[in-house]
Amino acid sequence: GSGIRYDLIFDKKNEKINQVYLSELIRYHVSGRLKVAPEHTSEEVLKLMRKPDFKLFFKLVDFFENMNKKHHLNQQIIPYFISSHPGCKNADMAELAVTTKQLNVSTEQVQDFTPTPMTLSSVIYYTGINPYTGKPVHVPRTQEEKLSQRKYFFWSQKENRDKIKKELYKMGRPDIAQKLYGK
């Protein structure tokens, strides 16, 4: 039931042995669904989360799919994502929606950001400032803004389609609306 730290698996120093481990894990110990926590796709948001670049998730997906093909497995990756994290804007969530659509991964494991004691994210949440740079950081605080970000996880649901399209056009991002919905 718990996930893995895929960022450690692709650590350059131990990459070869870690990939043997990952191969064994995928082949013999995944019960159909491998849970991982990329948490976001935005480079800026991931830096504030102290998480690795999303490119590592692409690497994991490729490795996972290759192992599935090689061993005739029918497994899926279930990523975990967070909305409303300090630094996250609706445009970031829209890009996340496009990326997950392109990867054909489910966004069922999701949550709104919740401040956790003793973390950089909580410091930024409460102060609105990145303590390392002294610069202000956008913090989604209102219920309205949190719901607005969360709907991008469920971009394919009929009840969200018109709201998202309208918002994307208002943001000047018809390109994202096109990627999500076509015409």
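Residues numbered from 1 in each chain as written. Predicted model: local features only at pLDDT ≥ 70, side-chain atom pairs only at ≥ 80, totals over all residues. Heavy atoms only, no water.

## Observations concerning the packing of aromatic side chains
Now for step 1: Applying the stated criterion across every chain yields a total of eight aromatic pairs.
Now for step 2: Through a chain of ring-to-ring contacts, three or more aromatic side chains come together here, namely Tyr-6, Phe-54, Phe-57 and Phe-58.
Now for step 3: Its end group placed over the ring of Tyr-125, Arg-141 keeps NZ or CZ at 5.0 Å from the ring centre. (Phe/Tyr/Trp six-rings, centres within 6.5 Å; stacked < 30°, edge-to-face > 60°. Lys NZ or Arg CZ within 6 Å of the ring centre and 35° of its normal.)

## Focus on the pairing of strand E2 (residues 76-83)
On any regular strand, side chains alternate: one points to one face of the sheet, the next to the other face.
Now for step 1: For E2, a buried count of six out of eight residues is recorded, marking the element as mostly surrounded by other parts of the structure.
Now for step 2: Pairing analysis gives five bridges linking strand E1 (residues 33-39) to E2, with the strands arranged parallel. Within E2, the position partnered with Leu-34 by the bridge is Ile-77.
Now for step 3: Bridge count between E2 and strand E3 (residues 109-112): four bridges; the pairing is parallel. In the strand pairing of E3, Ser-83 is matched with Asp-112. (Buried < 20%, exposed > 50% of the residue type's maximum accessible area, 1.4 Å probe, protein only. Helix = DSSP H or I, 4+ residues; strand = E, 2+ residues; numbered from the N terminus. Pairing = 2+ DSSP bridges.)

## Focus: the sheet that holds E1
Backbone hydrogen bonds are what pair the strands of a sheet, in a parallel or an antiparallel way.
Now for step 1: Ordered in space as E1-E2-E3, the three strands form an open sheet in which the pairing is parallel. Looking at which strands have only one partner, the edges of the open sheet turn out to be E1 and E3. Averaged over neighbouring strand pairs, the angle between their axes works out to 15° when direction is ignored. (Axes fitted to C-alpha atoms, helices over the stretch in contact; angles between N-to-C directions.)

## Considerations on the side chain of Ser-84
Now for step 1: With respect to the secondary-structure elements, Ser-84 resides in the loop between E2 and helix H5 (90-103).
Now for step 2: Aside from chain neighbours lying at most four places away, what touches Ser-84 is Asp-112, Phe-113, Pro-140, Lys-146 and Gln-149. (Contact = heavy atoms within 4.5 Å.)

## Considering the pattern of salt bridges
Now for step 1: Evaluated as defined, the whole model comprises ten salt bridges.
Now for step 2: Arg-33 is the partner of Glu-108 in a salt bridge, and the nearest nitrogen-oxygen pair spans 2.2 Å. One end of the pair, Glu-108, is in the loop between H5 and E3; the other, Arg-33, is in strand E1, and 75 residues separate them in sequence.
Now for step 3: The partner of Arg-173 in a salt bridge is Asp-175, with the nearest N and O atoms 2.8 Å apart.
Now for step 4: Linked by salt bridges that have partners in common, Lys-12, Glu-15 and Lys-59 make up one network. (Salt bridge = Lys/Arg side-chain N within 4 Å of Asp/Glu carboxyl O.)

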